[in-house]
Protein chains: 2
Amino acid sequence: MPASPIRKLVPFAEQATRKGIHIHYLNIGQPDIKTPPAILQAIKDTQIDVLAYSHSAGNYHYREKLTHYYKRLGIEISADEIIVTTGGSEAILFAMMTCLDPGDEVLIPEPCYANYLGFAAEAGIQVKPVPSSIETGFALPDREAFEQAIGPRTRAMLICNPNNPTGHVYSIDELRVVEDICREHQLFLFSDEAYREFCYEGSHYSALNLSSIREQVILLDTISKRYSACGARIGALISHHQEVIASALKYAQARLSPPTLEQIGAAAALDLPPDYFDATRKTYLQRRNTLVQLLNEMPGVFCPMPQGAFYAMARLPVKNADDFCQWMLESFSYEGETVMMAPGAGFYATPGLGLQEVRIAYVLEESSLIRAMKCLKLALEQYPDRCSR
Amino acid sequence: MPASPIRKLVPFAEQATRKGIHIHYLNIGQPDIKTPPAILQAIKDTQIDVLAYSHSAGNYHYREKLTHYYKRLGIEISADEIIVTTGGSEAILFAMMTCLDPGDEVLIPEPCYANYLGFAAEAGIQVKPVPSSIETGFALPDREAFEQAIGPRTRAMLICNPNNPTGHVYSIDELRVVEDICREHQLFLFSDEAYREFCYEGSHYSALNLSSIREQVILLDTISKRYSACGARIGALISHHQEVIASALKYAQARLSPPTLEQIGAAAALDLPPDYFDATRKTYLQRRNTLVQLLNEMPGVFCPMPQGAFYAMARLPVKNADDFCQWMLESFSYEGETVMMAPGAGFYATPGLGLQEVRIAYVLEESSLIRAMKCLKLALEQYPDRCSR
């Protein structure tokens, strides 16, 4: 089981905090945006005597309301095609365990959400990474690269759209390539759309609407980022494939049920007005623009413009970003402040890739982001192992 | 992945309900006891703006308070030896994945909690069942039976104490046998003590206090039954073995965190007075006595006296309890009522065992239990496939 690259620097951060240094946490996708009060209020208003298990697939009332949320987005599904999961995390694990046998392979464009690698290890399946490049803004790798990676045990492809960690939003043309590959090679398509509300240019196209592979698509979702409710642990696995749902339900039944109260909160969130996301999206957009501009102004730094989510992958003029991120916590501060970032290598399955990259989550208000970038700029100037590209 | 024996009759129950039949649900361990209002109140009183991830191992505050709970029970552990899990379910899965490799074996006395078999399948490990017998009240199988089941890939034993589904509470002598086996064969001991508060004769002895295998014991726990808070999804994995905790933490980090609000509720429950459980224990004791007496009064029925938890395993004069339980939902009613029970075979890993047995959870008030037993008695009289033993 690989260690989380996002959390493995935590001991160094704790040490810095004990020294009195203020850390700008840009390492983890924990939004600072307020959770809609309606979610918390619905939980507080709940009148129950017994905090009982819910249905293993989630409360029917919540699933029914979810269908209306998806319908507004142009996605037609029924409540029976939804399994409410304990966070998006569990949806990923259920999808892997349901659709693949141990030893089977899943194609994943890299860099990718690091925990995909952990869940694949748990499910006993092999990740076949297909590298995307910072030079192309982490666009979908060429079709040929996928074809070359496909072997007799390849059963699925996993994409994250908008992408964590790159912020790339797959265009409809890119999704057509994905559709063609999955159709021709009979692959399941796991589509993690946790960040769909956060697209800053153009609109989001859901994999569930790729009609020629309708039954092969498994949508992985979560309320964590959408409603800044990471601690609620409410996600969903959605598929038109009845056998997939029936099989995933067995995993759901083994763990009994997702949290009861948070399903009530999540259902309440679905009554928020459709323009609820406008303000949050505007906030992230502004932060993104500021962050990417400041990064690209630093000598030797390159950060392609992300189109969605709230992450940016930047290449730094250092030999090893792992060492650099640790050094920033251990040995650097500017006016009592430093920055925590997620080293890029942990988002790649291929050893040796991403060594110069970091993932930055723009989950702090703009003034803090500006301070953080000031720290980063000075740190890069002072860092002993700086290198030019 | 095996289907849950507890839930697979649900469609037949739904059908009966649609026909207007009232079902006494004795099939699932969902207590009817009120959740302590302090748990729900603490959640309602929580003032937060952002429902954020907690620490992957659980809030430190909650873990710290848990150490005092265990200390009162005579179990000495530190907060760093606890990983808060999403229900006891996740603790079971984490223990298996942490301590065993795919293909390794775990010894489990059967009948056992059916989902152990599901989690073992998820972890890719083999269950080596060691049968206990209804004739001995499901006492620990003989040492020889365990020895015979141990092979070169056997790495662990899993016990549930008090036992689900049998209600058996392991005596200190039985636990010494378990200790000896685990010590001599270098096995991890997974001890599921979800029902420790519900012992009706004598006291409970925790496996964590088996001093000669101190580092080999993994305690699996949950607040679900203790506080009638099944829907909270808060459990714990506890071990003195530092490497086990470090490895389990990686699994915990991959899924980010257990639910945030419920940890606040669970922490509040720890302030309940120590005599809080007395009333609940008394309620269950009274129900147990009534239930077991009524069962044993039915011709051909045998139910040994359970000493703990809130389950009884009974042998019925039927060829196949699966069919009988389904028949009770599909084709039987008495004054508009019927009963749902969990067929026994699903609690055995050995095919062909437990076919005449059912698990009955006494999670209804006594008057309902009496009505339910009236139904069962009449159903057994009318059932076409009745057989004598």
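Predicted, not measured: the structure shown is a model, and the values here were computed from it. (Residues numbered from 1 in each chain as written. Chains lettered and ligands numbered in written order. Predicted model: local features only at pLDDT ≥ 70, side-chain atom pairs only at ≥ 80, totals over all residues. Heavy atoms only, no water.)

A.B. asks: Outline the overall build of chain A, supporting the account with residue identities and numerical values.
C.D. replies: On a plain count of helices and strands, chain A comes out with 12 helices and 12 strands. In terms of overall size, chain A behaves like a compact globule, its C-alpha atoms giving a radius of gyration of 21 Å where 389 residues would be expected to give roughly 21 Å. With the principal axes as the frame, chain A shows a C-alpha extent of 55 × 55 × 40 Å. By the burial criterion, 63% of the 389 residues in chain A qualify as buried. Sequence-distant contacts in chain A: of pairs separated by 6 or more residues, those separated by 24 or more amount to 77%. Carbon and sulfur atoms make up 51% of the accessible area of chain A, which totals about 13,900 Å². One finds the centroid of the 35 positive side-chain charges in chain A at a distance of 3 Å from the centroid of its 45 negative side-chain charges. (Helix = DSSP H or I, 4+ residues; strand = E, 2+ residues; numbered from the N terminus. Rg over C-alpha atoms; globule rule 2.2 N^0.38 Å. Buried < 20%, exposed > 50% of the residue type's maximum accessible area, 1.4 Å probe, protein only. Contact = heavy atoms within 4.5 Å. Areas by Shrake-Rupley, 256 points an atom, 1.4 Å probe, with all protein chains shown as cover. Lys, Arg positive; Asp, Glu negative; His and termini not counted. Charge placed at Lys NZ, Arg CZ, Asp CG, Glu CD.)

A.B. asks: An account of the confidence of the model for chain A is requested, with residue identities and associated values reported.
C.D. replies: With 99% of its residues at a pLDDT of at least 70, chain A reaches an overall mean of 96. Scored by ipTM, the complex comes to 0.94, with pTM at 0.95. (pLDDT = per-residue confidence, 0-100.)

A.B. asks: Before we move on, can you summarise the packing of helix α2 (residues 37-44) of chain A against helix α9 (residues 260-269) of chain A with the specific residues and values?
C.D. replies: Residue and element names in this part refer to chain A. Packing of α2 against α9 leaves a shortest axis separation of 8 Å and a crossing angle of 135°. Judged on the interaxial angle alone, α9 and α2 are oblique. In this structure, α2 crosses over α9, and the sense of that crossing is right-handed. When α2 is examined against α9, the residues Ala-38, Ile-39, Ala-42 and Ile-43 are found in contact with a partner set consisting of Leu-261, Glu-262, Ile-264, Gly-265, Ala-268 and Ala-269. Among the residues forming the contact of α2 with α9, the class breakdown is 8 nonpolar, 1 polar and 1 charged. (Axes fitted to C-alpha atoms, helices over the stretch in contact; angles between N-to-C directions. Parallel < 35°, antiparallel > 145°, perpendicular 65-115°, else oblique. Left-handed = near helix turned anticlockwise from the far one by under 90°. Nonpolar A, V, L, I, M, F, W, Y, C, P; charged D, E, K, R; others polar.)

A.B. asks: Let's hear about the environment of B:Ala16: which residues, and what values?
C.D. replies: Residue and element names in this part refer to chain B. The topology assignment puts Ala-16 in helix α1 (residues 10-18). In this structure Ala-16 comes out as buried when scored by relative accessible area, which is 0%. Each C-alpha atom of the pair Ala-16 and Leu-107 lies 38 Å from the other, and the pair is 91 residues apart in sequence. Not counting residues within four places of it along the chain, the set of residues in contact with Ala-16 comprises Ile-21, Ile-23 and Leu-329.

A.B. asks: Quick rundown of helix α3 (residues 60-72) of chain A? Include the residues and the values.
C.D. replies: Residue and element names in this part refer to chain A. In this model, α3 (13 residues) spans 19 Å end to end at C-alpha, consistent with the 18 Å of a helix rising 1.5 Å per residue. Residues Tyr-62, Arg-63, Lys-65, Leu-66, Thr-67, Tyr-69 and Tyr-70 constitute the buried set of α3. Gly-74, located one to two residues past α3, shows a positive phi value of around 85°. (Expected span 1.5 Å × (residues − 1).)

A.B. asks: Summarise the packing of aromatic side chains; cite the residues concerned and give the values.
C.D. replies: With the rule as written, the count across this model stands at 34 aromatic pairs over all chains. With a centroid separation of 4.9 Å and 35° between ring planes, the pair formed by A:Tyr284 and A:Phe310 is classed as tilted. Of this pair, A:Tyr284 sits in helix α10 (residues 276-297) while A:Phe310 sits in the loop between α10 and β9 (311-315), placing them 26 residues apart in sequence. Residues A:Tyr284 and A:Phe310 agree in their burial class; the two are buried. Seen in terms of ring centroids, B:Tyr284 and B:Tyr362 are 6.3 Å apart; in terms of plane orientation they differ by 75°. Their pairing is edge-to-face. Of the two residues, B:Tyr284 is situated in helix α10 (residues 276-297) and B:Tyr362 in the loop between β12 (357-361) and α12 (366-382); the sequence distance between them amounts to 78 residues. Given a relative accessible area of 0%, B:Tyr284 falls into the buried group. By the ring-pair criterion, three or more aromatic residues cluster together here, those being A:Tyr195, A:Phe198, A:Tyr284, A:Phe310, A:Tyr311 and A:Tyr362. (Phe/Tyr/Trp six-rings, centres within 6.5 Å; stacked < 30°, edge-to-face > 60°.)

A.B. asks: Pulling in residues and values, what's your account of the side chain of A:Ser191?
C.D. replies: Residues and elements named next belong to chain A. Within the secondary structure, Ser-191 sits in strand β6 (residues 188-192). Residue class for Ser-191 comes out buried when judged on its relative accessible area of 0%. In contact with Ser-191, other than residues within four places in its own chain, are Ile-159, Ala-207, Ile-218, Leu-219 and Leu-220.

A.B. asks: Hey, could you go over the relation of the copies chain A and chain B for me, with residue numbers and the actual values?
C.D. replies: When chain A is brought onto chain B, the operation consists of a screw motion whose angular component is 180° and whose axial shift is 0.0 Å, with 0.0 Å RMSD remaining. Accordingly, the operation relating the two chain copies is best matched by a two-fold axis. Within chain A, the C-alpha atom positioned nearest to the axis of rotation is that of A:Lys44, 2.4 Å from it. When the interface residues of chain A are mapped onto chain B, 100% of them again lie at the interface, so the same face is used by both copies. (Least-squares fit on C-alpha atoms with pLDDT ≥ 70 in both.)

A.B. asks: Let's hear about the nonpolar core: which residues, and what values?
C.D. replies: A:Leu189, A:Tyr227, B:Leu189 and B:Tyr227 are the most contacted members of the largest nonpolar core, which has 96 residues in total. Look past the residues within four positions of B:Leu189 in its chain and what remains in contact with it is B:Met157, B:Ile159, B:Val178, B:Cys182, B:Ala207, B:Leu210, B:Ile213, B:Gln216, B:Val217 and B:Ile218. (Core = buried A, V, L, I, M, F, W, Y, C linked by side-chain atoms within 4.5 Å.)

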